[in-house]
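# Per-entry structural report
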Amino acid sequence: MNRNPFLNTRLFCPGPTPVPLSTAIAAVDASVYHRSEDFYKILTSCRQMLAPFFGTKHLPLILTSSGTGAMEAAVANLIQPGDSVLVLVGGKFGARWGSIAERYQAVAQRYHFNWGESPSLNELSSLLKQKPKAVFLQANETSTGVAYPVAAIADVIRKASPDTLMIVDGVSSLVAHEMRMDEWGIDVVLSGSQKGFGVPAGLSFIALSERAWKQVKPRSYYFDLVKERDNQNKDGTAYTPAIGLVLALHQALQLLQDFGPARCAQHHETLARACRKAVQAMNLSLFPRDHFSNALTAVEVPSAVMQRGLMKILKNQFKMIFAGGQDDLKGKIIRISHLGLMDPFDLAAGLSGLEIALQMCGHSFKMGAGMTAYLEEISQNYQFPRL
Ligand SMILES: *Cc1c(COP(=O)(O)O)cnc(C)c1O
């Protein structure tokens, strides 16, 4: 047990992400009644502040669940038994869409492509000839660190099968990437509190287009989006929400809204680019070849280095929580998250820990090379405020 009082626990995993103190403090107020005018104002203000991060004029609903709950809500409200759906599977979260759809008796066709790649638009276009009821995909496939080209995919769907609903899991994408739901013609976008928004886990958000709302037929009691919408538009949530988390979300969104979606995305883009340069200078390879996510960086690590306990050193000696690979990628990659309320200096701490741990595991590189590349990129391209 590491009881060194000077070591802070640091999160570099893609959820939960670091939570600012002001947000964490807001969550502990247990004196708020959810059937009150005060709470209703806070809830509505949260929905209004969330909307720009979705790129929609339709106010997102706030649900009490993790991100997967919002995924299930999308399926349970839009898919009827026997509906044919197309699922883009380039990683673990794509696979989850397939399982949820089948649990709700959809006939799911899976378009599998290599983990670490993004879908071929030509292939997608030809699969759409079957005119599925809906296409399910991720904006960021968090298991591989790939950001799919959502706008281009929307374009292909609109051209090849205009009536198909496009349903996007933006759990790890929102705030790190701009989302323009209305402009791109996306029908459903959903996200969660513990990723880009820097709020503890337990809330999810979902926005539907007008077209999608017309097709809603709720098949879940708890995730009845019609009931939820009618309540949230009138005087509160259908059931008792995670009140403290809504208060925390309100605090977090005030920080984010001042900065705005474009600058938030730019912040994450710069951190991501600096992180990629750093790990390459550490003589490691990036796992995806292109379409890099702004939210996290997936890195191939030689198996000898992994076997010497890289992740254990980071976690048990440095108290730094990085994510490993999942399923087939277990023991082959590490995932470095720069999502949530993380600044360039926070990420520098993680990368310095990674360098020392790599050195301890006998990885061949020049210690300090990663930090140098990182600091060069940040000092040249990070937009620090001018005083
Ligand atoms: C984290 C994540 C989810 C949701 O996971 P929960 O553990 O249910 O919050 C869904 N999709 C993606 C792409 C994610 O990164």
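Scroll up a little and you will see the structure.
No experiment lies behind these values; they were computed from the predicted model shown.

### Structural notes on the sheet that holds strand 12 (residues 296-300)
Here we have five strands laid out as an open sheet, ordered 1-13-14-12-11, and mixed in their pairing. Two strands bound the open sheet, and with one partner strand each, they are strand 1 (10-12) and strand 11 (285-286). As judged from the two bridges shared by strand 11 and strand 12, these two strands associate in the antiparallel manner. In the strand pairing of strand 12, Leu286 is matched with Val299. Running over the sheet, helix 11 (residues 261-281) touches strand 11, strand 12 and strand 14 (333-337) and is turned about 15° from strand 12. The strands touched by helix 13 (residues 310-317) within the sheet are strand 13 (320-324) and strand 14, with strand 13 carrying the most contacts at an inclination of about 150°.

### What to know about the sheet that holds strand 9 (residues 188-192)
One open sheet holds the seven strands; their spatial order is 2-10-9-8-5-3-4, and the pairing between them is mixed. Edge positions in the open sheet fall to strand 2 (61-64) and strand 4 (107-112), since each of these has one partner strand only. Adjacent strand axes in the sheet meet at a mean angle of 20°, parallel and antiparallel pairs treated alike. Of the strand pairs in this sheet, strand 3 (residues 84-89) and strand 5 (residues 134-138) are connected by three bridges, and their pairing is parallel. Within strand 5, the residue paired with Leu86 across the bridge is Val135. Contacts from helix 2 (residues 37-54) reach strand 2, strand 9 and strand 10 (203-208) within the one sheet, and its direction differs from that of strand 2 by about 110°. Strands strand 2, strand 5, strand 8 (165-169), strand 9 and strand 10 of the sheet are contacted by helix 3 (residues 67-78), whose axis makes an angle of about 155° with strand 9.

### With respect to the site of the ligand
Residues in contact with the ligand amount to 14 residues; listed here are only the nearest, Ser66, Thr68, Thr142, Asp169 and Lys195. Separating a nitrogen atom of the ligand from a side-chain N or O atom of Asp169 is a distance of 2.6 Å. Here an oxygen atom of the ligand and a side-chain polar atom of Lys195 are 2.7 Å apart. Contact with the protein chains removes 87% of the 380 Å² of surface that the ligand exposes when unbound. Broken down by secondary-structure element, the contributors of at least two residues to the shell around the ligand are helix 3 and helix 4 (92-103). Grouping the constituent residues of the shell around the ligand by class yields three nonpolar, eight polar and three charged.

### Some remarks on the side chain of Ser172
Along the polypeptide, Ser172 turns up in the loop between strand 8 and helix 7 (181-184). Reaching out from Ser172, the side chain makes a polar contact with the side chain of Thr142 at a distance of 2.8 Å. Discounting residues that sit within four places of it in the chain, Ser172 has contacts with Asn140, Thr142, Lys195, Ala295 and Leu339.

### A word on the side chain of Gln326
With respect to the helices and strands, the residue Gln326 is situated in the loop between strand 13 and strand 14. A distance of 3.5 Å separates a polar atom in the side chain of Gln326 from a polar atom in the side chain of Arg335.

### As for the nonpolar core
Soluble globular proteins tend to pack their nonpolar side chains together in the buried interior. If you look at the biggest cluster of nonpolar residues, it comprises 51 residues, and the most contacted ones within it are Leu88, Met166, Ile186, Phe197 and Leu249. Those elements that place two or more of their residues in this core are helix 2, strand 3, helix 5 (121-127), strand 5, helix 6 (150-160), strand 8, strand 10 and helix 10 (243-259). The dominant element in this core, judged by the number of residues it contributes, is helix 10, at nine residues. Excluding residues that lie within four positions of it along the chain, Met166 makes contacts with Val135, Leu137, Val150, Ile153, Ala154, Ile157, Arg158, Ile186, Asp187 and Val188. Listed in part, the 34 residues of the second largest apolar core include Met282, Leu314, Ala357 and Tyr374.

### Regarding the pattern of salt bridges
Following the criterion strictly, the structure yields 14 salt bridges and no others. Residue Glu183 pairs with Arg180 through a salt bridge whose shortest N-O separation is 3.9 Å. With relative accessibility at 58%, the residue Glu183 sits in the exposed group. For Asp230, the salt bridge identified is with Arg229, shortest N-O distance 3.4 Å. Each of Glu269, Arg273, Lys277 and Glu377 takes part in one network of salt bridges that share partners.

### Considering the packing of aromatic side chains
Evaluation of the coordinates by the stated rule reveals eleven aromatic pairs. Look at Phe53 and Phe197: their rings are 6.0 Å apart centre to centre, the planes differ by 80°, and that puts the pair in the edge-to-face class. A residue pair is termed long-range when its members are at least 10 positions apart, and Phe53 in helix 2 and Phe197 in the loop between strand 9 and strand 10 qualify at 144 residues. Of the residues examined, Phe53 reaches a relative accessible area of 3% and is grouped as buried. We classify Phe197 as buried; its relative accessible area is 1%.

Definitions and limits used
- Every chain is numbered on its own, with residues counted from 1 as its sequence reads.
- Two thresholds apply to this predicted model, a pLDDT of at least 70 for residue-level local features and 80 or more for giving and counting side-chain atom pairs, whereas whole-chain, interface and lining totals are computed over all residues.
- Note: side-chain values were computed over all heavy atoms of the structure, leaving out hydrogens and water.
- Pairing between two strands is assigned when DSSP locates at least 2 bridges connecting them.
- Helix and strand assignments follow DSSP, with helices taken as H or I runs no shorter than four residues and strands as E runs no shorter than two, numbered in order from the N terminus.
- For this analysis, residues touch if any pair of their heavy atoms sits within 4.5 Å.
- Only the stretch in contact is used when a helix axis is fitted, and all axes are lines through C-alpha atoms; the angle between N-to-C directions ranges over 0 to 180 degrees.
- To be near a molecule or strand, a residue needs just one of its heavy atoms within 4 Å of it.
- Polar contact criterion, stated in full: a pair of N or O atoms within 3.5 Å, where within protein one must be able to donate a hydrogen and the other to accept it, and residues adjacent in sequence count only if both atoms are side-chain atoms.
- In these tables, accessible area is a Shrake-Rupley quantity obtained with a 1.4 Å probe, and a residue counts as shielded only by the protein chains included in the view.
- When residues are sorted by character, Ala, Val, Leu, Ile, Met, Phe, Trp, Tyr, Cys and Pro go into the nonpolar class, Asp, Glu, Lys and Arg into the charged class, and all the rest, Gly among them, into the polar class.
- For the purposes of this section, nonpolar cores are sets of buried Ala, Val, Leu, Ile, Met, Phe, Trp, Tyr and Cys residues that join through side-chain atoms within 4.5 Å.
- Any residue under 20% of the maximum accessible area for its type is buried, any over 50% is exposed, and the rest in between are partly exposed; the area is computed with a 1.4 Å probe on protein chains only.
- The salt bridge definition used is simple: a Lys or Arg side-chain nitrogen within 4 Å of an Asp or Glu carboxyl oxygen.
- Aromatic contacts are taken between Phe, Tyr and Trp rings whose centres are within 6.5 Å, Trp giving its six-membered ring; a plane angle under 30 degrees counts as stacked, one over 60 as edge-to-face, and the others as tilted.

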